[in-house]
Amino acid sequence: MRRCYFDHVATNPLHPEVLDAMMPYFKDNFGNPLSVYDLGTMARDAIEKARQQVADLINAKQPSVVFTSSGAEANNFALRGIAFAMQNKGKHVIVSKVEHHSVLNSARVLEKNGFVVTYLPVDNKGVVDPDTVKKSINKETILISVTHASSEIGSIEPIREIAQIAKEQGIVMHADGVATSGNIPVDVKELGVDLLSMAAHQFYGPKGAGALYVREGLRIAPLIYGGIQEGGRRAGTENVPAIVGMGKAAEIAAQEMPARMEHCRQLREGLIGGALKEPNVYLTGHREVRLPHHASFVVEFIEGEAMLLMLSMKGILSASGSACSSRALKSSPVLLSLGIPAALAQGSIVFSLGMDNSMEDINYFLEEFPQVVKKLRDMSPFGKGWGAGSQGEQCYTGG
Amino acid sequence: MKFVHGVKADITADIVYMMCPMHLLKLEEMIKGLDHGQVLEILTDYDGALEDIPQWCERTGNEFIGLDEDEDYYRFYIKKQQKDR
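These numbers come from a predicted model, not from an experiment.

A short note on the overall build of chain B
Then, in step 1: When its secondary structure is counted, chain B shows two helices and four strands.
Then, in step 2: Counting helices and strands in the order they occur from the N terminus, chain B gives β-α-β-α-β-β.
Then, in step 3: In terms of principal-axis extent, the alpha carbons of chain B reach across some 35 × 25 × 20 Å.

If you want it as structure tokens, here you go:
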């Protein structure tokens, strides 16, 4: 059976050159980077090389990259590290409603610790209005955190405009760049952000390596205390192979980015165009200003998880977009924040494309998708609509 | 302890929230880049530095000018002394 992996925002396969770069650090070069002998210095040099490669990807200075274990850790570090470091200045934090759980749940932890959090609304494309940010700022505001792009709906946020507002007010600006870094051009200077989160496995690097860009001169409290790794900002013996892999993946991503973007954009257009021919299927997120490898939909009258399972039986591997919907069978807060009715949000499905996909994959999907939708609608009590009542009029028309 | 105010530093290392032994590692790293007579300012909230930094200066022959207290951290001032002069 054909296998179409359409879940590249969940994770990516390793680039073969990345694996080659990592292997020596699993085997012969296994030293601890803090050790003084050559085995240690080799590991230390490898980490510093990777730091430069990651810095180059986002146009940052080398010392401003702090390696973490994941994008989620980078987000936790950014929110909690800045909040702790700046709490004497103020205790108000602004985040958007379309953030990843590692941002939203960090914000909730801050609330439990006496901070006040504003959750920015978004429009029906999932985009934050910079004017809303401006209106949400008060004299206590110390941090604004907005995702560069949500992996659930793909929309790219106006980070540069929001960062400009933050800068004018002397507020620290964090962008969650996990979905964008290595996939589209990300330039921390051009964006004007003080902090940016990244994850290696989003751009064909390994799992277990992430990074937080911290603008030089910005004070941040560590999340993990202990040794002197990462300049005392993140303790724990470094995951050297993964960090080396992240560096190599960043270097390759920078070189291959235009070709990758164009490849994925063409597939995405084919997928969106074909899927929207199906009745009662709506695109979520922005039609144009979205990740080039991302297509997300809500499919009316059926439940997303069933759709995922049936597609997976055909070898088409996709996601429903959030842990809420895929594991807890709860409507995604991100989709609800776009104004999508809860029942319709249950029909969420997200396709994210990569270099291993081809137009043949898209055509295969477009052959199978209508059959899966029909079968599920035939089984559904709502298959021919929501029935009598007002719910039938609550179609999502935003996308 | 020697308290000072208004010392003008040539370079500053901000290691607030960094724990032991970052204050000593940063001190060693930064002082290497200074010329004789130049002043290094270290910002730290690590209490152990109150003991460690003056001791480090004594051991290495650099001059501990003193410290200033900010709202929630200390400012240590160290003047580089080159032994071969």
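Right, picking up where we left off after that structure.
Comments concerning the interface of chain B and chain A
Then, in step 1: With 11 residues of chain B in contact, the opposing surface of chain A contributes eight residues.
Then, in step 2: Class assignment of the residues belonging to the side of chain B that touches chain A gives a composition of eight nonpolar, no polar and three charged.

A look at the domain arrangement of chain A
All names here are of chain A.
Then, in step 1: By domain assignment, chain A separates into domain 1 (4–10 + 257–384) and domain 2 (16–253).
Then, in step 2: Spacing between the C-alpha centres of domain 1 and domain 2 amounts to 28 Å.
Then, in step 3: With 23 residues of domain 1 in contact, the opposing surface of domain 2 contributes 22 residues.
Then, in step 4: Breaking the side of domain 1 that touches domain 2 down by element, the ones donating at least two residues are helix 8 (240–275), strand 10 (294–299) and helix 11 (333–337).
Then, in step 5: Of the residues forming the side of domain 1 that touches domain 2, the biggest block, three residues, is contributed by helix 11.

Side note on the environment of S320 of chain A
Then, in step 1: Turning to its location among the elements, S320 of chain A is positioned in the loop between strand 11 (316–317) and helix 10 (323–327).
Then, in step 2: You can call S320 of chain A buried: it has 26 C-beta atoms within 10 Å.

Here's the deal with the sheet that holds strand 6 (residues 172–176) of chain A
Residue and element names in this part refer to chain A.
Then, in step 1: Pairing is mixed in the open sheet, where seven strands are placed in the order 2-8-7-6-5-3-4. Edge strands, defined here as strands with exactly one partner in the open sheet, are strand 2 (65–68) and strand 4 (116–120). For this sheet, the mean inter-axis angle between neighbouring strands, taken without regard to orientation, is 20°.
Then, in step 2: Where strand 6 meets strand 7 (residues 195–199), three bridges bridge the pair, whose relative direction is parallel. Bridging from a neighbouring strand, H174 pairs with L195 of strand 7.
Then, in step 3: Contacts from helix 6 (residues 159–168) reach strand 5 (141–147) and strand 6, with the element oriented near 160° to strand 6.

Re the nonpolar core
Residues and elements named next belong to chain A.
Then, in step 1: Residues V93, A211, Y213 and M246 are the most contacted members of the largest nonpolar core, which totals 135 residues.
Then, in step 2: In terms of residue count, the dominant contributor to this core is helix 8 (14 residues).
Then, in step 3: Two domains each put at least three residues into this core: domain 1 (4–10 + 257–384) and domain 2 (16–253).
Then, in step 4: The contact partners of V93, leaving out residues within four places of it in the chain, are A83, A107, L110, F115, V117, I142 and L143.

Digging into helix 4 (residues 101–112) of chain A
Then, in step 1: Taking 1.5 Å per residue, 12 residues should reach 16 Å; helix 4 of chain A reaches 16 Å between its end C-alpha atoms and fits that length.
Then, in step 2: Listed as buried for helix 4 of chain A are S102, V103, L104, S106, A107 and L110 of chain A.

So, how was this worked out
- Residues numbered from 1 in each chain as written.
- Chains lettered and ligands numbered in written order.
- Predicted model: local features only at pLDDT ≥ 70, side-chain atom pairs only at ≥ 80, totals over all residues.
- Helix = DSSP H or I, 4+ residues; strand = E, 2+ residues; numbered from the N terminus.
- Contact = placed C-beta atoms within 7 Å.
- Nonpolar A, V, L, I, M, F, W, Y, C, P; charged D, E, K, R; others polar.
- Domains from an automatic or database assignment.
- Buried ≥ 20, exposed ≤ 12 C-beta atoms within 10 Å, placed from the backbone.
- Pairing = 2+ DSSP bridges.
- Axes fitted to C-alpha atoms, helices over the stretch in contact; angles between N-to-C directions.
- Core = buried A, V, L, I, M, F, W, Y, C linked by C-beta atoms within 7 Å.
- Expected span 1.5 Å × (residues − 1).

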